[in-house]
Amino acid sequence: MKISGYQLFWLIFTMEFGMTAIFTVSPAIFLAKQDAWISIILATLICIFTTVVAVKLSLLYPEQTFIQYSQSILGKWLGTIILVPYFLMWLSVTGVILREFADFVFITLFSSTPLWIVILIMLGAVVYVTCTGGLRSISRCSEIIGPVSTAGCFFIIVFSVKDWDWLRLLPVYSNTGWLPIVKGSLAPASFLAESFMVVMLIAFMPKPERALTSTLWGIAAASVAFLAMTLIVIMVFGPNLPAKFIYPLYSVVTYISIMDFIQNVDVLVVLLWIIGIFIKLSLYFFITSYGSAQLFQIRKWKRTVWLIAPIVFVVSLLPRNTNDTMYFAKFWSNVVFPINLIGIPLLMWMMGTIRKKSMLH
């Protein structure tokens, strides 16, 4: 399984844009009001920092995945212990994403279909693409889905122009201040920082030196698209109403009507988001399955798929409602994000660099 820099770009873009735009616009606007767009810029800068750390860490051992070089840096026992929170993170996040997808589809499309059926259908698709081609199939899917998602983004921008009111972005900063803007950046930053999974992908690149450029361009493209969507939500609904919506961007799409001719376009946009979520789910599922095989030294890594899939399915059924998934999102941004995505990788990068230099001398 090998992926190119071009494929890595589309993997990062597709994974970052879809769910971030759906789920983090509302909390950002709730905290930062009309200055939420500043929060998105700040979140992008935070994400760029975490991504540079993750890529630099991986390039210390470009032929190894995070599972392997964590033991090279920290030693066998400590390196294995440090992987425990990451496996718990990957398993829980995969299950929660699956549940958030099902809730989104339930609310927007199939309100009479049992959630577990929606979950099983998506999980079946994820298992199929993982087993048939692994990372290669997922990356090829992203090459198709990524440009289509980009077209959908332009579609939303063009057809919502008539409803824009630039005055709803004013005043800038004076009504909020720096603290609400910083708080508003945490939720988007924690979602964008999921680019950390590049630590499991660089080992599959024949030219790993291209990883940083491809990843940063993917984040930049996703962040610009996300920033545009945030601005549109504020300009259409103002700073107060979107904070009360679960999916404010979806509400903007349902609002689109051109000369009473182009209507009900929300179904098409929802389908674009669903296939974007499919890429993110598949990536998480792959790295969890492949990483488990490496950790437990299972030669045929696809065997772990049949263990991971039931666990993910059970996790997805645990939340009772959307409030429970929101609680997990708060735990993610307050605990997992600073520890798993910033603290530990930064510490490992410093230790790995010191170890490499000491070996050279």
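Quick note: structure is the one above.
Computed from a prediction, not measured in an experiment: that's the story for all the values here.

Colleague: Can you lay out unusual backbone geometry for me, pointing to particular residues and giving the numbers?
Modeller: The omega torsion of the bond from Leu170 to Pro171 falls at -5°, within 30 degrees of zero and hence cis. Along the chain, the position of Pro171 falls in the loop between helix H8 (135-160) and helix H9 (178-192). Non-glycine residue Lys33 carries a positive phi angle of around 55°. Summarising the element assignment, Lys33 is placed in the loop between helix H2 (25-32) and helix H3 (36-59). Residue classification places Lys33 among the partly exposed positions, given a relative accessible area of 29%.

Colleague: Describe the side chain of Thr24, and please don't skip the residues or the numbers.
Modeller: The residue Thr24 is located in the loop between helix H1 (5-23) and H2 in this model. From its side chain, Thr24 meets the backbone oxygen of Thr20 in a polar contact 2.5 Å long.

Colleague: Tell me what's going on with the nonpolar core, and back it up with residues and numbers.
Modeller: Counting residues in each nonpolar core, the largest one holds 119 residues, and the members touching the most others are Phe66, Trp90 and Trp273. Here this core takes 16 residues from helix H12 (residues 266-295), the largest share from any one element. Discounting chain neighbours no more than four positions away, the residues touching Trp90 are Phe66, Ile67, Met200, Tyr284, Ile287 and Thr288.

Colleague: I'd like a rundown of the environment of Trp301, residues and numbers included.
Modeller: Of note, Trp301 is situated in the loop between H12 and helix H13 (305-317). Trp301 sits in the buried class, given a relative accessible area of 12%. Each C-alpha atom of the pair Trp301 and Ser289 lies 6.9 Å from the other, and the pair is 12 residues apart in sequence. Excluding anything up to four places from it in sequence, Trp301 contacts Met1, Thr130, Gly134, Phe286, Ser289, Tyr290 and Ala293.

Colleague: An account of H13 is requested, with residue identities and associated values reported.
Modeller: Between its terminal C-alpha atoms H13 stretches 19 Å, which fits the 18 Å expected from 13 residues at 1.5 Å a residue. What H13 keeps buried is the set Val305, Ile308, Ala309, Val312, Phe313, Val315 and Ser316. When H13 is viewed along its axis, its buried side chains cluster within an angular range of 165° and face the same direction. Every exposed residue of H13 that faces more than 90 degrees away from the buried side is listed here: Trp306 and Leu307. Where the residues of H13 are buried, they touch helix H6 (84-108), helix H7 (115-132) and H12.

Definitions and cut-offs
Position labels on residues start from 1 in each chain and follow its written sequence. Local features are withheld for residues below a pLDDT of 70 in this predicted model, meaning they are given only at 70 or higher, and side-chain atom pairs are given and counted only at 80 or more; totals for whole chains, interfaces and linings count all residues. Water and hydrogen atoms play no part in the side-chain values, which are based on all heavy atoms of the structure. Secondary structure elements are taken from DSSP: a helix is a run of H or I of four residues or more, a strand is a run of E of two residues or more, and numbering for both begins at the N terminus. To sort residues, take the accessible area from a 1.4 Å probe on protein chains only and compare it with the maximum for the residue type: under 20% means buried, over 50% means exposed, and anything in between is partly exposed. Polar contacts here mean pairs of N or O atoms no more than 3.5 Å apart (in protein, one a potential hydrogen donor and the other a potential acceptor; neighbouring residues in sequence count only if both atoms are side-chain atoms). The set of buried Ala, Val, Leu, Ile, Met, Phe, Trp, Tyr and Cys residues whose side-chain atoms join them within 4.5 Å is what this entry labels a nonpolar core. Any two residues whose heavy atoms approach within 4.5 Å are treated as being in contact. Given a helix with a known number of residues, its expected span is that number minus one, times 1.5 Å. What the arc describes is the spread of directions from the helix axis to the C-beta atoms.

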